[in-house]
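# Examining the three-dimensional arrangement
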Amino acid sequence: MKYRTIGTDPAHRREVSVLALGAMLFGSRTDEKTSYALLDRYVEAGGTFIDTSDNYAFWEDGGQGGQSEELLGRWRRSRGVGDEIVIATKLGARPLAPGTGYLDNPEGLSAKVIRESAERSRERLGVDRLDLLYAHIDDATVPQRESVEAFAELVAEGTVGLLGVSNQAVWRVERARAIAAAAGLPGYEVLQYEHSYLRPRFDIPGGLFPDGSLGAVGPETLSYLRAEPGLTLVAYSPLLKGAYVRPDRLPADYDHPGTPPRLAALREVARETGASVNQVVLAWQLGGDLPVVPLAGASSPAQLDENLAAVELELTAGQRARLDGAH
């Protein structure tokens with residue numbers, strides 16, 4: 001395993017494994033025995049960075065979520081896990097009532113919600129401090145200053161370490177960070193967005209983004225990360241939910257003329273290296289010039305082992321140039 005540091009403040013920054021494990025379906029679709037086996041194998045391989053959310057996985061049973069955090073809490077207690085494992089969680093997108101969702105009835109990012117939701121996450125996880133807490137989705141109904149100050153209060157109290165943000169327009173992220181900086185408060189340092197080797201179309205409206213996608217990494221996000229070296233990108237859905245090996249799973253926003261040449265380059269490099277296509281995708285992210293931490297889930301030990309092996313795959317400069325140059 002390899003490691004990198006997230007965060008800049010010496011009091012809160014953490015060294016984490018370069019490959020994060022997504023626990024979204026642990027405790028729901030992925031049963032407890034399998035979830036424990038995957039967590040144990042990940043830690044055995046040197047993994048130290050686990051990702052969840054307070055709303056995972058509400059859609060599995062029509063509830064409000066919490067199953068993933070609860071399972072991780074049980075696993076931590078059963079294994080005696082301490083501060084050596086960094087667990088990141090999120091708030092803001094938990095449905096306020098069973099049978100609803102984050103589009104029609106999200107908890108949001110008010111000061112009250114941030115404090116109460118963070119406390120519930122700590123209880124479910126069985127921790128005194130949340131290592132990394134994200135704003136899961138944006139909340140235009142609450143002044144950004146209120147959210148910024150509420151997150152900063154938790155850091156000051158010692159119940160939260162690092163702050164992160166997901167699925168927000170880059171200008172909103174920068175505005176929140178500017179508010180924090182002007183007030184001398186901690187701000188978002190980790191950005192979690194969809195990012196993979198294939199590039200999506202950004203003009204297709206969605207539930208969260210009526211003007212087109214803001215939840216996937218595009219040129220604006222990349223240029224922002226280059227200008228702010230203290231930020232880290234955590235890339236969710238790096239393997240596009242299996243679409244690299246199951247083309248029928250390719251999301252509609254990736255179905256465009258730019259996809260076939262990139263797939264051809266990817267398969268060519270996979271043949272050269274003897275690695276799987278998924279491993280090349282992860283290695284491409286891991287070895288790039290921007291600090292990217294792929295966040296990959298797994299439903300079986302075989303899938304997890306395949307992902308873990310990508311950490312040791314080194315692409316040559318020529319291979320990387322071919323991958324980057326495919327359009």
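These notes cover the structure that comes with them.

Parameters at a glance
Residues numbered from 1 in each chain as written. Predicted model: local features only at pLDDT ≥ 70, side-chain atom pairs only at ≥ 80, totals over all residues. Heavy atoms only, no water. Helix = DSSP H or I, 4+ residues; strand = E, 2+ residues; numbered from the N terminus. Buried < 20%, exposed > 50% of the residue type's maximum accessible area, 1.4 Å probe, protein only. Contact = heavy atoms within 4.5 Å. Axes fitted to C-alpha atoms, helices over the stretch in contact; angles between N-to-C directions. Left-handed = near helix turned anticlockwise from the far one by under 90°. Nonpolar A, V, L, I, M, F, W, Y, C, P; charged D, E, K, R; others polar. Phe/Tyr/Trp six-rings, centres within 6.5 Å; stacked < 30°, edge-to-face > 60°. Lys NZ or Arg CZ within 6 Å of the ring centre and 35° of its normal. Pairing = 2+ DSSP bridges. Patch = residues over 30% accessible without salt bridge, like charges linked within 9 Å, V, L, I, M, F, W, Y side chains within 5 Å. Areas by Shrake-Rupley, 256 points an atom, 1.4 Å probe, with all protein chains shown as cover. Salt bridge = Lys/Arg side-chain N within 4 Å of Asp/Glu carboxyl O.

Following the sequence through the fold, glycine 62 ends up in the loop between helix H2 (58-61) and helix H3 (67-79). For glycine 62, a relative accessible area of 35% translates into the label partly exposed. A C-alpha to C-alpha distance of 9.4 Å links glycine 62 and alanine 97, two positions 35 residues apart in sequence. Residues within four places of glycine 62 in sequence aside, it is in contact with Pro98 and Gly99.

The next thing to look at is the packing of helix H4 (residues 111-125) against helix H5 (residues 144-157). One can describe the packing of H4 onto H5 by two numbers: an axis separation of 8 Å at closest approach and a directional angle of 35°. Here H4 and H5 pass one another in a crossing that is right-handed. The residues of H5 that touch H4, namely those facing Ala111, Ile114, Arg115 and Ala118, are Glu146, Ser147, Ala150, Phe151, Glu153, Leu154 and Glu157. Across the contact of H4 with H5, the residue classes tally to six nonpolar, one polar and four charged.

Here we take up the packing of aromatic side chains. As enumerated under the stated definition, the model contains five aromatic pairs in all. Aromatic side chains tyrosine 56 and tryptophan 59 sit 6.0 Å apart centroid to centroid with 75° between the ring planes, which places their arrangement in the edge-to-face category. Residue class for tyrosine 56 comes out buried when judged on its relative accessible area of 9%. Their ring planes at 80° and their centres at 5.2 Å tell us that tyrosine 197 and tryptophan 284 sit as a pair that is edge-to-face. A residue pair is termed long-range when its members are at least 10 positions apart, and tyrosine 197 in the loop between strand S8 (190-194) and helix H7 (219-227) and tryptophan 284 in helix H9 (residues 277-286) qualify at 87 residues. The class of tyrosine 197 is buried, set by a relative accessible area of 1%. Aromatic ring contacts, followed pair by pair, group Tyr56, Phe58, Trp59 and Tyr102 into a single cluster. The positively charged end of arginine 262 is found above the aromatic ring belonging to tyrosine 197, 4.0 Å away from the centroid.

What follows deals with the environment of valine 127. One can find valine 127 in the loop between H4 and strand S6 (130-135). Expressed as a C-alpha distance, the spacing of valine 127 and arginine 77, which sit 50 residues apart in the sequence, is 10.0 Å. Setting aside chain neighbours within four positions, we find valine 127 in contact with Arg76 and Arg122.

Turning to the pairing of strand S7 (residues 160-166), a few remarks are in order. Of all seven residues making up S7, seven are buried, and the element is well covered by its neighbours. Looking at chain direction, S6 and S7 are connected through five bridges and run parallel. In the strand pairing of S7, alanine 135 is matched with valine 165. The sheet contact formed by S7 and S8 spans three bridges and is parallel. Across the sheet, the residue bridging to valine 165 is leucine 191, located in S8.

Taken together, Tyr102, Leu103 and Leu208 make up a surface patch of nonpolar side chains, about 260 Å² in accessible area. On the secondary structure map, leucine 103 appears in the loop between strand S5 (86-91) and H4. Residue classification places leucine 103 among the exposed residues on the basis of a relative accessible area of 54%.

As a working rule, side chains carrying opposite charge can pair if their charged atoms are close by. Taken as a whole, this structure holds 20 salt bridges when the rule is applied. Linking glutamate 32 and arginine 74 is a salt bridge whose minimum nitrogen-to-oxygen distance equals 2.8 Å. One end of the pair, glutamate 32, is in helix H1 (residues 32-44); the other, arginine 74, is in helix H3, with 42 residues separating them in the sequence. For arginine 226, the salt bridge identified is with aspartate 289, shortest N-O distance 2.9 Å. Of the two residues, arginine 226 sits in helix H7 while aspartate 289 sits in the loop between H9 and strand S10 (292-297), which places them 63 residues apart along the sequence. Take arginine 226: its relative accessible area is 48%, and that puts it in the partly exposed class. Aspartate 289 gets classed as exposed once you look at its relative accessible area, which sits at 64%. What emerges from the salt-bridge pattern is a single network uniting Arg41, Glu44 and Asp305.

Attention now goes to the sheet that holds strand S9 (residues 232-236). On the basis of which strands lie adjacent, the closed barrel formed by eight strands has the order S3-S4-S5-S6-S7-S8-S9-S10 and parallel pairing. The sheet shows a mean angle of 30° between the axes of neighbouring strands, direction not considered. The pairing of S8 with S9 spans five bridges and is classified as parallel. Following the sheet pairing, glutamate 194 is matched in S9 by tyrosine 236. Contacts from H5 reach S5, S6 and S7, with the element oriented near 155° to S7.

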